[in-house]
Every structure is written in structure tokens, then in C-alpha cells.
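If you want the building blocks of each chain, they are given just below.
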Amino acid sequence: MSVPKIPTELIAPAFNPATFGIGRREAIDQLFTRLRKDYPLALAEVPGYDPHWIVTKYEDIREISRQDHLFHSADRSKTLASQIAEKLMRDYSGGMPTIFKTLVHMDDPEHAEHRKVTQPEFYPQAIAKMESQIREMARRHIDEFLAKGQGADFATELAFRFPAEVVLTMIGVPKKDHQKLLDLTHWLFTYADPDLCRPGANITDPQEIIKTWDVVYNEFKNYFESMIHERQTCPMGDLTSLIANGKVGGCPMNERNMISYLVILSTAGHDSAAATSAMSMWMLAEHPELFRKMKDNPGLIRGFVDESIRWASPVQQFVRSATEDYVLRGQQIKKGDLLYLSYISANRDEEVFKDPFTFDPERSPNSHIAFGYGPHICLGQHLAKLEMRVLWEELLPRLASVEMAAPGKFAESEFVCGPKSVPINYTLA
Ligand code: HEM
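Residues numbered from 1 in each chain as written. Predicted model: local features only at pLDDT ≥ 70, side-chain atom pairs only at ≥ 80, totals over all residues. Heavy atoms only, no water.

**Student:** Please clarify how the overall build of the chain should be interpreted in this entry.
**Tutor:** When helices and strands are tallied, the chain shows 17 helices and 14 strands. Since a compact globule built from 429 residues should have a radius of gyration of about 22 Å, the 21 Å found for the chain is in line with a globular shape. Across the 429 residues that make up the chain, the buried fraction comes to 58%. Partitioning the intrachain contacts of the chain with sequence separation of at least 6 by distance along the chain shows that 74% fall at a separation of at least 24. Counting 48 positive and 58 negative side-chain charges, the chain places the averaged centre of each group 2 Å from the other. (Helix = DSSP H or I, 4+ residues; strand = E, 2+ residues; numbered from the N terminus. Rg over C-alpha atoms; globule rule 2.2 N^0.38 Å. Buried < 20%, exposed > 50% of the residue type's maximum accessible area, 1.4 Å probe, protein only. Contact = heavy atoms within 4.5 Å. Lys, Arg positive; Asp, Glu negative; His and termini not counted. Charge placed at Lys NZ, Arg CZ, Asp CG, Glu CD.)

Right, here's the structure in full:
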């Protein structure tokens, strides 16, 4: 069976963070539309990277993601990484493919054991109990944002801040430290964006990427170490207390896994929701008919949130490695092969979504996989949806109109990617 290969010049831009910062991501959408048509499952051989199967189709990503015993998360880098970055990481971490050992970097039974330590806190019933507290936070952030006046940047001044406050409060981080953890999140996820990267980092040098991960890990470690010890002596009702006292396989979690657990909650726990809300506002500001429809039909807000998540698909990719030979879409995947799961492509798959490039708050069904699928499906999906619903329920009645005050900008990141700037003008209702 001959292996289909994507011409290198076609796929190489998807390996470059800068491509994700272009315009409204048209370049990425065009690329993956072409791939779904001509190379739905094919090998990318980009110089400097091991070959990756680029998985563009919705059903294929689901087939891979639900079989995590066949497609591992822990054996290789969990996100796209160059050969040199992976080697540096292994040298640095004594053979591990990554510095962090978070839920996304684990396979079962380790994964399930760790996930269940906090999972009940993220069940819909538990999240629903937080609605009034989250609504109060949303109102405060909206007041603060509107006080900044015309031209204020919705992305940096509201979308980044509100979900961070929600999850960091759940973790037990005092408000005075939220900005610090927000910055660390950007250094990690948008390490290649000139505006959001670690100050002074040379974003084109792989050594510097590893250095950034090391700096971020140590900053988080220094921050959370004392909190963990405090909560072990005196547990409080927060996520840090659960993690600090959590048992895996009957034993306490090791310290690296505790820190990593807190890192994923403090980073993934707000960055994608922020990107999605910023994207939603961008859509409203550019489409007065959508804004009017949402104003006139508050009952559509849940659908608007789901469609915003599909549309934004802020997590661009995660990578899996095959644990045995497997045939997918007629192609022979070999044991050890790497598979790049493109969530944005899956969420634009014409075979699943009618008019995928139309933003439709009434889309039904809307079974996007922006939260992933299978055992690793996003732990915070119900929290993210609640935060966004409450935000729009509170903000839309306050506005009579909204438009972009200047062109918006996307972050340059091939991993978590959304608008980094959405300046708006508005009239109040
Ligand atoms: C996992 C996306 C919000 C915490 C994931 C995964 C995706 C994702 C695609 C799957 C990883 C995989 O398959 O390996 C999103 C999007 C969000 C969002 C699009 C918002 C729109 C949140 C929030 C939290 C969170 C608010 C708060 C706690 C996590 C955690 C995992 C995860 C802990 C790891 C789960 C595991 O490996 O078992 N997310 N996420 N996410 N997400 Fe989210």
C-alpha cells in the first residue's frame, strides 16, 4: 500500500505558528479545506519534524480519540514538536517527552486515576451550583470593561481576565496573583507570539522554547509548592486541596504530577474559553445582523455559545502515537507513527456540518469536537460553556450596538490560538 504524502510546501505553513496569526485564520481554513478534499489522511514530512499523519476528518479524530489504548498520549510530545525540541526536552527531563506530566500527557490507568481526583468538581451539577458566583464575576468584569470606554480591547480587558478569575478562584489562587498566572499561560501557549511570549525570549530558537517551558514550570512550582503544603496541613474547599490530598492507586500523587495538575487547570482552565469569547465578540462586532438576532432572541445564547466554540476551535491540535499497527481510512498506520489531530479541520468537515463556514447560532445538531473526544475529553467543558453563557446573558442587554474600533489580531500559535486583540466601539442600551 503506497503512503499518500502531502506536498511539503502545502503542509509546512501548518507547522509555523505565524500562519495562525494571519487575518481571521483564512490561511489555515483554506489549507485544511484543501487537505480534507485531496489529502484527508496523509503523511506530512516537514524538514526538522518526524513524519506526522495529518488527520483532518471528524470521524477519524473520533475513532482515534476514543481508543486511547491504541493511540497514546504519553509516549511522545503531546503537541507538535520539532525533532530538536523533543530531543532537548528528553535530554533535559531525563528521557521524558515533556517537562509537564498533566492529564493530557498520561495514558490509562494513570490518566483515569488522576482525572477522578477532580472530576466530580467539573460535573454539570457541581458547575451549576457556581452559577450565581460566576454571574457576579461576569457583571464585575463587564462593569470594569465598559468603564474603559470606546476602543477598549475586549480580548485583553475582558475575555482574558474573566475565565481566569473563575478557574483561579476555584484553584484557590488569590486575586492579586491572577495576572502573574495569566502571563505564564501566555508564555506557555503562545510562546511564539511576539506580543504574548516570555519577555526577551528568542521565539525562533528551539533552545529558548525549552527554556520557556522550564521557566514556566519552575515559576508554577515555586508558586504552588507552598500552597500544596498548606493545603496538606489545612485543607480548604478548593481544587488545590483536592490535588494536594488526592490519592492515585491508593497513594499520594507525586509532586511533579501535583504541580502539573495545577498547571493544566491554571492554563487550559481559561485560555481556550478566553479565545472563544474574544472570537464571539469579533463575530458580533463584524455582523450587525447576528448581533441584532442575539439581542432579539436571548433564548439562542446556548446555541451561540456552542457555535462560537465550534467556530473558534481554539485548540488547534493534539498529537497521538500509535501503539500498534492500525488501518484508518484505508491507510496503514504503523506502530509508533505520530498522528496530528486537527480539531479546527474536524469542526469544518463538510460531511458533518452543513455550510461549515456559516456561523449559525441555530445550528442543530452541533456536535463539534472542539473539546476533544473520548477519555481525554475536556474536563472543563461544562464550566467553559457556563462561563460563556453567563457572559453573553449579562453583556448583550447592556449593549445597543457594537463594531470593531480597529482590525482585530490573532495570536501566532500552532497550539491554542484565538484573537489577542478585539478593540470595539459600542453604544449602550
Ligand atoms: C482537555 C479544549 C476549556 C481543562 C481538553 C482537550 C481539548 C480541550 C480539545 C482534549 C485533550 C486531548 O484530547 O488530549 C478546550 C476548549 C475550551 C476548554 C475548546 C473552551 C472553549 C477548559 C476549561 C478547563 C479545561 C474551562 C477548566 C478546568 C481541561 C483539562 C483537560 C482538557 C484539565 C485534560 C483532560 C484529560 O486529559 O483528561 N480541553 N478546553 N478546559 N481541558 Fe479543556
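**Student:** Sorry if this is basic, but what is going on with the side chain of Ser277 here?
**Tutor:** Examined against the element boundaries, Ser277 turns out to sit in helix H13 (residues 255-286). Note on Ser277: relative accessible area 4%, which makes it buried.

**Student:** Would you take a moment to explain the coordination of the iron atom of the ligand for this structure?
**Tutor:** Under ideal tetrahedral coordination, the four donors around a metal are separated by 109.5 degrees; under ideal octahedral coordination, the six donors are separated by 90 or 180 degrees. Protein coordination of the iron atom of the ligand rests on one atom only, Cys378 (SG), at 2.3 Å. Here Cys378 is to be found in the loop between helix H16 (343-346) and helix H17 (381-395). (Donors = N, O, S within 2.8 Å, 3.2 Å for Na, K, Ca; no water.)

**Student:** What is the right way to read the site of the ligand from this model?
**Tutor:** Looking at the ligand, there are 28 residues lining it, with Lys78, His111, Arg115, His376 and Cys378 nearest. Residue His376 places a side-chain N or O atom 2.6 Å away from an oxygen atom belonging to the ligand. For the shell around the ligand, the secondary structure elements donating two or more residues are helix H5 (110-118), H13, strand S7 (317-322) and H17. Among the elements that take part in the shell around the ligand, H13 stands out by supplying seven residues, more than any other. Partitioning the shell around the ligand into residue classes produces 18 nonpolar, seven polar and three charged. (Near = heavy atom within 4 Å. Polar contact = N/O pair within 3.5 Å; in protein donor to acceptor, adjacent residues only side chain to side chain. Nonpolar A, V, L, I, M, F, W, Y, C, P; charged D, E, K, R; others polar.)

**Student:** Would you explain the pairing of strand S2 (residues 41-44) in this entry?
**Tutor:** Summarising the sheet, strand S1 (residues 5-6) and S2 pair through two bridges and their orientation is parallel. Bridged to Ile6 within S2 is Ala44. (Pairing = 2+ DSSP bridges.)

**Student:** What am I meant to see in the state of the cysteines here?
**Tutor:** Cysteine pairs can be covalently joined through their sulfur atoms, and such a bond is termed a disulfide. Applying the stated criterion across every chain, the model contains zero disulfides. Cysteine Cys417 remains unbridged, with the sulfur of Cys197 as its closest cysteine sulfur at 15 Å. Judged by relative accessible area, Cys417 falls into the buried class, the value being 1%. (Disulfide = S-S within 2.5 Å.)

**Student:** Whenever I open this one, the environment of Met388 confuses me. Can you help?
**Tutor:** Among the secondary structure elements, Met388 is positioned in helix H17. Met388 sits 226 residues away from Phe162 along the chain, and the two C-alpha atoms are 9.8 Å apart. With near-sequence residues (within four places) excluded, Met388 lies in contact with Ala273, Thr276, Ser277, Val305 and Ile309.

**Student:** Got a minute to help me understand the pairing of S7 in this structure?
**Tutor:** Within a regular strand, the side chains alternate between the two sheet faces. When you tally the buried positions in S7, you get six out of six residues, the bulk of the element. Residues Gln317, Val319 and Ser321 point to one face of S7 and Phe318, Arg320 and Ala322 to the other, with burial holding for every one of them. Sheet topology note: the strand S4 (residues 71-72)/S7 ladder contains two bridges and is antiparallel. Paired with His72 across the two strands is Ser321, which belongs to S7. Bridge analysis of S7 against strand S10 (residues 338-342) gives five bridges, and the strand direction is antiparallel. Across the sheet, residue Gln317 finds its bridge partner in S10, namely Ser342.

**Student:** Please clarify how the pattern of salt bridges should be interpreted in this entry.
**Tutor:** For side chains of opposite charge, pairing can occur when their charged atoms come near one another. Inspection of the entire model under this criterion finds 42 salt bridges. Linking Arg62 and Glu59 is a salt bridge whose minimum nitrogen-to-oxygen distance equals 3.6 Å. Of the two residues, Arg62 and Glu59 both sit in helix H3 (residues 58-65), three residues apart, roughly one turn of that helix. Each of Glu131, Arg135, Arg139, Arg389, Glu393 and Glu394 takes part in one network of salt bridges that share partners. (Salt bridge = Lys/Arg side-chain N within 4 Å of Asp/Glu carboxyl O.)

**Student:** What is the right way to look at the nonpolar core in this model?
**Tutor:** Within soluble globular proteins, side chains that are nonpolar tend to cluster in buried spots. Counting residues in each nonpolar core, the largest one holds 144 residues, and the members touching the most others are Phe154, Phe224, Met281, Leu284, Trp392 and Ile424. In terms of residue count, the dominant contributor to this core is H13 (16 residues). Excluding residues that lie within four positions of it along the chain, Leu284 makes contacts with Leu290, Phe291, Met294, Phe304, Trp392, Leu396 and Val402. (Core = buried A, V, L, I, M, F, W, Y, C linked by side-chain atoms within 4.5 Å.)

**Student:** How should I be thinking about the environment of His141 in this particular structure?
**Tutor:** Topologically, His141 is positioned in helix H7 (residues 131-147). Sequence-wise, His141 and Leu158 are 17 residues apart; in three dimensions their C-alpha atoms are separated by 6.3 Å. Residues contacting His141, with those up to four places away along its chain left out, are Leu158, Arg161, Phe162 and Glu165.

**Student:** Help me understand H17, please; the structure alone is not making it clear to me.
**Tutor:** Because the α-helix completes a turn every 3.6 residues, residues three or four places apart line up on one side. Taking 1.5 Å of rise per residue, 15 residues should cover 21 Å, and H17 covers 21 Å from first to last C-alpha, within 8% of that figure. Summarising burial for H17: twelve of the 15 residues are buried, a large majority. Burial in H17 covers these residues: Gln381, Leu383, Ala384, Leu386, Glu387, Met388, Arg389, Val390, Leu391, Trp392, Glu394 and Leu395. (Expected span 1.5 Å × (residues − 1).)

**Student:** How do you make sense of the packing of aromatic side chains when you look at a structure like this?
**Tutor:** Think of a pair of aromatic rings as described by two things: how far the centres are apart, and how the planes are tilted against each other in angle. Inspection of every chain in the model, using the stated rule, returns 17 aromatic pairs. Within the aromatic cluster, the residues linked to one another by ring pairs are Phe145, Phe154, Phe304, Trp311, Phe359, Trp392 and Tyr426. Over the ring of Trp311 we find Arg348; its NZ or CZ atom is 5.3 Å from the centre of that ring. (Phe/Tyr/Trp six-rings, centres within 6.5 Å; stacked < 30°, edge-to-face > 60°. Lys NZ or Arg CZ within 6 Å of the ring centre and 35° of its normal.)

The quantities given are spatial measurements derived from coordinates; they are silent on function.
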